[in-house]
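What follows is the residue order along each chain.
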Amino acid sequence: MSTVVITGTQWGDEGKGKIVDYLAQQAETVVRFQGGSNAGHTVAVHGEEYKLRLLPSGILYKGTHNIIANGVVVDPEVMLQEMDAMEKRGIDVSGIRLSDRAHVVMPYHRLMDGIGDEARGKEKIGTTKRGIGPCYMDRDDRIGIRVCDLMDKEEFARKLKANLARKNQELQAIYHHEPLEYEDVLEEYLGYAERIRPYVCDTITLLNEEIASGRRILFEGAQATMLDIDYGTYPYVTASHPVSGGVAVGTGVAPKKIDKVVGVVKAYCTRVGEGPFPTEQLGAVGDKIREAGHEYGTVTGRPRRTGWLDACVVRYAGLLSGIDYMAITRLDILDDFDEIKMCTGYRYKGELLPGMPASLKVLAEVEPVYETFPGWKTDTSCIRDYDALPEQAKKYLERLAETTHIAIGIVSVGPNRDQTIILAKDMFA
Ligand code: GDP
Ligand code: IMO
Ligand code: MG
């Protein structure tokens, strides 16, 4: 077995970066397959923190290949800034490869994302304003600019001119914003083009060759199941497919070549931005979780909404992504609670629902069925062995495994690499 997918099971920020970094010890290649710089993945190594938005979290290991595949929308400015920042910290970035088919985030995408979302008023999604949705919209409208276009000066100039004529009209008429200057954008992006050129390649061929030669590959999901464009709480979602199926279309690796899927589950729930959140705790409990977990956004700094663990969401993620193992993170954040709740079912009009409702009206009205667990009131952050965890903590975890029908593979009790309890010894076996 050589390919493992890491996918978020909730509303993002589960600790995917930490788990990817941990498993990257055994991997030779790490691949981002969807999303873009809306992601904020934090990796802590020897007390130092690295915040990654676009670069794969395998970057901290020398010699690892780090691929930004075709399903990602790439803001070249962010990519270069991140590469520069990494190099300044002594990190080797020569193993980065960027797909020639990836779509390029343009300045008008960022502008339209920001102004457009605000213009929705009460209906706003609360996007990260990184231009992700508008860039995917242009892809689907078949006017997008791809990395291969950016590599070709004439082609890029032609596409930019055509797009800008249209976008400037929209910017002025709909967004009441001044037009963007063609020459300025052209010059800026041609500058990026020269800097990223050495990293651009056909990542489809590269990845499939790597898989054929038995290299161990890790696919790093960004965002999460409940933010998936089709399966999440639409329209309060992102514009890509964070579920494991996104790997196949986002990389050109066929589904049958995916060996294992790991779902990252935060031990409680958070959400940034708008949209339904059945187990949200608006009072003292929510505040306590936010403060204990320092739950403020990596990308935007926004306070995250907080609540109890929702096993219905995890069960749904398991189904959609075929999750083999859960990697449960941030168990330590619950160390000081007298009691802890887990939602194991949704009741609607007196009946238990069999699945995740499509209608947001229904989801907003479901009554979570909670099971209550006594807190363990013990510091778990220094525990490295599953058996050494407090009995109450094990009961909580085991109930989650039972109600979701997914095995526990990893339990994380702190941000650092060593604060990791491993149950599934070799994910690549
Ligand atoms: P991601 O977007 O899924 O990669 O998650 P983020 O990086 O946005 O947020 C997760 C945060 O939790 C980061 O600051 C991590 O360093 C941190 N983290 C990850 N696992 C653990 C853990 O088990 N315990 C604690 N206390 N922090 C963790
Ligand atoms: P990581 O990879 C949490 C949320 C935004 C917003 C919605 C749409 O760090 O887990 P977008 O800018 O993508 O169009 O915003 O999705 N969102 C995230 N929330 N973690 C993320 O990424 C997110 N990426 C997007 O807050 O509600
Ligand atoms: Mg994040």
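Residues numbered from 1 in each chain as written. Chains lettered and ligands numbered in written order. Predicted model: local features only at pLDDT ≥ 70, side-chain atom pairs only at ≥ 80, totals over all residues. Heavy atoms only, no water.

1. Overview of the overall build of the chain
Move 1: In terms of regular secondary structure, the chain is built from 13 helices and 20 strands.
Move 2: A globule of 429 residues ought to have a C-alpha radius of gyration of about 22 Å, and the chain, at 21 Å, matches this closely.
Move 3: Each of the 429 residues in the chain was classed as buried or not, and the buried ones make up 58%.
Move 4: Once local pairs closer than 6 in sequence are excluded, the contacts in the chain between residues at least 24 apart make up 76%.
Move 5: For the chain, the accessible surface area stands at approximately 17700 Å², while carbon and sulfur atoms represent 50% of it.
Move 6: Counting 52 positive and 63 negative side-chain charges, the chain places the averaged centre of each group 1 Å from the other. (Helix = DSSP H or I, 4+ residues; strand = E, 2+ residues; numbered from the N terminus. Rg over C-alpha atoms; globule rule 2.2 N^0.38 Å. Buried < 20%, exposed > 50% of the residue type's maximum accessible area, 1.4 Å probe, protein only. Contact = heavy atoms within 4.5 Å. Areas by Shrake-Rupley, 256 points an atom, 1.4 Å probe, with all protein chains shown as cover. Lys, Arg positive; Asp, Glu negative; His and termini not counted. Charge placed at Lys NZ, Arg CZ, Asp CG, Glu CD.)

2. Considerations on the coordination of the magnesium ion (ligand 3)
Move 1: For the magnesium ion (ligand 3), the protein coordination sphere consists of D13 (OD) and G40 (O), at 2.0 to 2.2 Å. Highlighted residues: D13 in the loop between β1 (3-8) and α1 (16-23) and G40 in the loop between β2 (29-32) and β3 (41-45), separated in sequence by 27 residues.
Move 2: Looking at D13, the relative accessible area reads 24%, which means it is partly exposed. (Donors = N, O, S within 2.8 Å, 3.2 Å for Na, K, Ca; no water.)

3. A short note on the domain arrangement of the chain
Move 1: Domains assigned within the chain are domain 1 (2-93 + 202-422) and domain 2 (103-198).
Move 2: Facing 28 residues of domain 1, the contacting portion of domain 2 comprises 20 residues.
Move 3: Taken together, the two surfaces of domain 1 and domain 2 that pack against each other cover about 2000 Å², and 58% of this comes from carbon and sulfur.
Move 4: On the domain 1 side of the contact with domain 2, V73, P76 and L80 bury the most area, a combined 27% of that side's loss.
Move 5: The interface formed by domain 1 and domain 2 includes three salt bridges.
Move 6: Note that R110 and E77 form a salt bridge whose closest N and O atoms lie 3.8 Å from each other. (Domains from an automatic or database assignment. Buried area = accessible area lost by both parts, 1.4 Å probe. Salt bridge = Lys/Arg side-chain N within 4 Å of Asp/Glu carboxyl O.)

4. Things to note about the side chain of K266
Move 1: Positionally, K266 belongs in strand β11 (residues 260-266).
Move 2: Only 2.9 Å separates the side chain of K266 from the side chain of E295, close enough to count as a polar contact.
Move 3: If we skip the residues at most four places from it in the chain, K266 touches Q10, D13, E14, E295, R304, L309, T329 and R330. (Polar contact = N/O pair within 3.5 Å; in protein donor to acceptor, adjacent residues only side chain to side chain.)

5. Thoughts on the pattern of salt bridges
Note on pairing: side chains with opposite charge can pair once their charged atoms come close.
Move 1: Under the defined criterion, the tally for this structure stands at 29 salt bridges.
Move 2: Here D140 ties to R139 by a salt bridge, and the two come within 2.9 Å at their closest N and O atoms.
Move 3: Several salt bridges converge on common partners, so that one network encompasses D13, K266, E295, R304 and R330.

6. Looking at the packing of helix α3 (residues 107-119) against helix α6 (residues 153-173)
Move 1: Closest axis-to-axis distance for the α3/α6 pair is 11 Å, and the angle between their directions is 20 degrees. Between α3 and α6, the angle falls in the class roughly parallel. The crossing of α3 and α6 is left-handed. Only L160, N163, L164, K167, E170 and L171 of α6 make contact with α3, whose side of the interface consists of Y108, L111 and M112.
Move 2: For the contact of α3 with α6, the class distribution of residues is six nonpolar, one polar and two charged. (Axes fitted to C-alpha atoms, helices over the stretch in contact; angles between N-to-C directions. Parallel < 35°, antiparallel > 145°, perpendicular 65-115°, else oblique. Left-handed = near helix turned anticlockwise from the far one by under 90°. Nonpolar A, V, L, I, M, F, W, Y, C, P; charged D, E, K, R; others polar.)

7. A closer look at the site of ligand 1
Move 1: Around ligand 1 sit 19 residues, and of these G15, K16, T42, D332 and S412 come closest.
Move 2: Between V413 and ligand 1, the recorded distance is 3.5 Å, taken from a backbone N or O atom to an oxygen atom.
Move 3: When isolated, ligand 1 has an accessible area of 590 Å², and the protein chains bury 93% of it.
Move 4: Residue assignment for the shell around ligand 1 shows that the elements contributing at least two residues are α1 and β3.
Move 5: In terms of residue count, the dominant contributor to the shell around ligand 1 is α1 (three residues). (Near = heavy atom within 4 Å.)

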